[in-house]
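Here's the letter readout for the chains.
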Amino acid sequence: MTGPASSALDAARRRRELDDLAAHPSVDVLVVGGGVTGTGAALDAAARGLSVVLVERHDLAFGTSRWSSKLVHGGLRYLATGNIGIARESAVERGILMTHTAPHLVRAMPQLVPLLPSVGRGEAALVRTGFLAGDALRVSAHTSSAVLPRSRRIGAGRVADLVPAVRRDGLRGGLLAYDGQLVDDARLVVALARTAASHGARILTRVDAHSVTAGGAVLRDTLTGTEMRVTAAAVINAAGVWAGQVDPSIRLRPSRGTHLVLDAAALGNPTAALTVPIPGATNRFVFALPAQSGRIYLGLTDEAAPGPLPDVPQATDSEIDFLLDTANTALATPLTRNDVLGTFAGLRPLLDSSAPGTETGDATADLSRRHAVVRSEAGPIGIVGGKLTTYRRMAQDAVDAAVETAGLRAGPCRTTRLALVGAAPPSVLRTVAAPPNLVRRYGTEAARLAVGPHALEPIAPGLDVSRAELEFAVTHEGALDVDDLLDRRTRIGLVPGDRARALPAAGDVLSDVPD
């Protein structure tokens, strides 16, 4: 009897598993797409005892899954719009992530709405009511206040302590609530993929799937050009915003969410997320989110993105101006274009619910974030819509559909209590012999990186990423090239200047990898 598989992903394992698949090209479940939902589905299926292959034409978290706000939302916005079901589902899934799946990657983040003259008494009352409803959601999801503290009103002095750059004129205090924040969305995807691999799933990046049907696909190794036909009892299309390219019967209305990357010092190194109501809109905000490496992510927009789908979406000038202008309504010293160190934008895979042949005037901000399982006679099982917070439920629904449709013999879903690699309760994480920033990124595995007197020295001045992290990305996290290292395993690439300084170290690490 063989023991559990290793969670380590590297180039050698990829080659072995491709060779094995070519020799035995039949599996229970083929998953197309290496984002959060695809890796979540691979883990769910593998944990049920099914044989699983996941293919991703680029890299893990290459698409939308690395461009989010890194927030694990409790569904407050959906409650405000009457979507009680999706609001509670979001709160439940947030609790699972924070207490079972990845407590090392998700922390409670204070969100602060400063009560400035631009926020009238009526609007303030509406926000306070919403925060109280969020507290009720947390309780209904059985998430302890020790995990997510209760909301409250705070005084002007405390507001200034949390966000030093806030405007003081007319400041009458603030409203404080808590939500979940990921240290990094791409790290969650990598942890899901590695955990799936530890349950026997084959995680194959740089593998394109075409001619996809309900019973298999032609797979092409984009590094060698080699092709093979793989048959599967069930195929899950988890390609996100590109799901329609895998199955043309799927119709989506993508929207673009844009963020700016700022130096945290520009806002006085805040310890809470500055939450600024968008003038003229109800229940919509711009967030200045404290992030790793001394950065702030300022976002986000919700703009329709019709037309061809780019691999890497770009922020527009109007979106940059909108974010700066909105944030400046709450700041003592206005931000300018000179404060913007970088930008990133992602496409949301929103369901197109309009009837064929009809026009709809709905803004993408008003479209439902509910997910759906899409089935067709000859096509794969599609999982579309949704959002990062509810990825686990989306994956479960997709695998349930695969098991039912294909008549597979499988165990029950286990992911509500299945911890990812590196996960542990906070009491355990506090004992890990490694710097706190490393523990936040790797959990219990951080101790494996903090070995030797020079292991954690920065790869370049001003960067908090070490050579040990780059090496671990190659030996355990499936990184195959410089882009994988700098743009996804670490987020150095979000700031072009930082990326340029880190390139020599990344190239050096890759040159040391044996063939």
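What counts, and where the lines are drawn
Residues numbered from 1 in each chain as written. Predicted model: local features only at pLDDT ≥ 70, side-chain atom pairs only at ≥ 80, totals over all residues. Heavy atoms only, no water. Phe/Tyr/Trp six-rings, centres within 6.5 Å; stacked < 30°, edge-to-face > 60°. Helix = DSSP H or I, 4+ residues; strand = E, 2+ residues; numbered from the N terminus. Buried < 20%, exposed > 50% of the residue type's maximum accessible area, 1.4 Å probe, protein only. UniProt positions renumbered as here; feature names shortened; annotations may be inferred. Expected span 1.5 Å × (residues − 1). Contact = heavy atoms within 4.5 Å. Bend = angle between axes of the 7 residues up to and from the residue. Core = buried A, V, L, I, M, F, W, Y, C linked by side-chain atoms within 4.5 Å. Domains from an automatic or database assignment. 1 Å grid on protein atoms, 1.4 Å probe; cavity = no way out; pocket = protein on both sides within 12 Å on 5 of 7 lines; lining within 4 Å. Points joined across faces, edges and corners; volume = space filled by probe spheres on them. Nonpolar A, V, L, I, M, F, W, Y, C, P; charged D, E, K, R; others polar. Pairing = 2+ DSSP bridges. Right-handed = clockwise from strand over helix to strand, strands pointing away.

1. A few points about the packing of aromatic side chains
By the definition in use, this model includes four aromatic pairs. Aromatic pair Trp 67 and Phe 344: ring centres 5.9 Å apart, planes at 25°, arrangement stacked. Linking Trp 67 in the loop between β2 (52-56) and β3 (71-72) with Phe 344 in strand β16 (residues 340-348), this pair joins segments that are 277 residues apart in sequence. What makes Trp 67 buried here is its relative accessible area of 10%. Residue Phe 344 is classed as buried on the basis of its relative accessible area, which comes to 3%. The interplanar angle of 85° and the centroid separation of 5.8 Å between the aromatic rings of Tyr 442 and Phe 472 together place this pair among those described as edge-to-face. Taken as a pair, Tyr 442 in helix α12 (residues 436-442) and Phe 472 in helix α14 (residues 467-476) lie far apart in primary sequence, 30 residues in all.

2. Quick notes on the UniProt feature "domain: Alpha-glycerophosphate oxidase C-terminal" (unreviewed entry) in the protein
Within the UniProt annotation, "domain: Alpha-glycerophosphate oxidase C-terminal" (unreviewed entry) is assigned to residues 413-510. Across residues 413-510 one finds 49% helix and 0% strand; the C-alpha atoms that close the span lie 38 Å apart.

3. Re helix α10 (residues 391-406)
The end-to-end C-alpha distance of α10, which contains 16 residues, comes to 22 Å, matching closely the 22 Å that a straight helix rising 1.5 Å per residue would cover. Turning to α10, its buried residues are Tyr 391, Arg 392, Met 394, Ala 395, Gln 396, Asp 397, Ala 398, Val 399, Ala 401, Ala 402 and Val 403. Considering only its buried residues, α10 is in contact with α2 (36-47), α4 (84-101), α7 (185-198), β10 (227-237), β17 (371-374) and β18 (381-385). Looking one or two residues past α10, Gly 407 carries a phi angle of roughly 65°, positive in sign.

4. A few points about helix α16 (residues 496-511)
Its 16 residues place the ends of α16 22 Å apart at the C-alpha level, agreeing with the 22 Å of an ideal helix rising 1.5 Å per residue. A bend of about 45° at Ala 502 is the largest found in α16, and the proline Pro 504 appears one to four places after it. Residues Asp 498, Arg 499, Ala 502, Ala 505, Ala 506 and Val 509 constitute the buried set of α16. Looking at the buried residues of α16, the elements they touch are β14 (295-299), α14 and α15 (482-489).

5. What to know about the nonpolar core
Counting 83 residues, the largest nonpolar core has Val 52, Leu 188, Ile 203, Ile 236 and Leu 298 as the members making the most contacts within it. At nine residues, α7 tops the list of elements feeding residues into this core. Formed jointly, this core draws a minimum of three residues from each of two domains, domain 1 (11-65 + 186-250 + 352-417) and domain 2 (92-183 + 253-350). Among all residues touching Ile 236, those that are not within four sequence positions of it are Val 29, Leu 30, Val 31, Val 32, Ala 41, Ile 381, Ile 383, Ala 398, Val 399 and Ala 402.

6. What to know about empty space enclosed by the protein
Across all of its chains, the model carries three cavities of 30 Å³ or more by this definition. Computed from the structure, the largest cavity encloses a volume of approximately 100 Å³. Around the largest cavity, the lining is made up of 13 residues, and of these Leu 9, Asp 10, Ile 203, Thr 205 and Gly 478 lie nearest the centre. Those elements giving two or more residues to the lining of the largest cavity turn out to be α1 (11-23) and β7 (202-205). Per element, the largest residue contribution to the lining of the largest cavity is three residues, and it comes from α1. Class assignment of the residues belonging to the lining of the largest cavity gives a composition of five nonpolar, two polar and six charged. Both of domain 1 (11-65 + 186-250 + 352-417) and domain 3 (426-512) provide at least three residues apiece to the lining of the largest cavity.

7. What to know about the pairing of β2
Most of β2 sits out of view: five of its five residues are buried. Alternating residues of β2 divide into Val 52, Leu 54 and Glu 56 and Val 53 and Val 55, and every residue in both groups is buried. In the sheet, strand β1 (residues 26-32) pairs with β2 via four bridges, with the strands oriented parallel. Bridging from a neighbouring strand, Val 29 pairs with Val 52 of β2. With α2 bridging β1 and the parallel β2, this β-α-β connection has right-handed handedness.

8. Structural notes on the pairing of β7
Alternating residues of β7 divide into Arg 202 and Leu 204 and Ile 203 and Thr 205, and every residue in both groups is buried. Relative to β7, β2 runs parallel, the two sharing four bridges. Paired with Glu 56 across the two strands is Thr 205, which belongs to β7.

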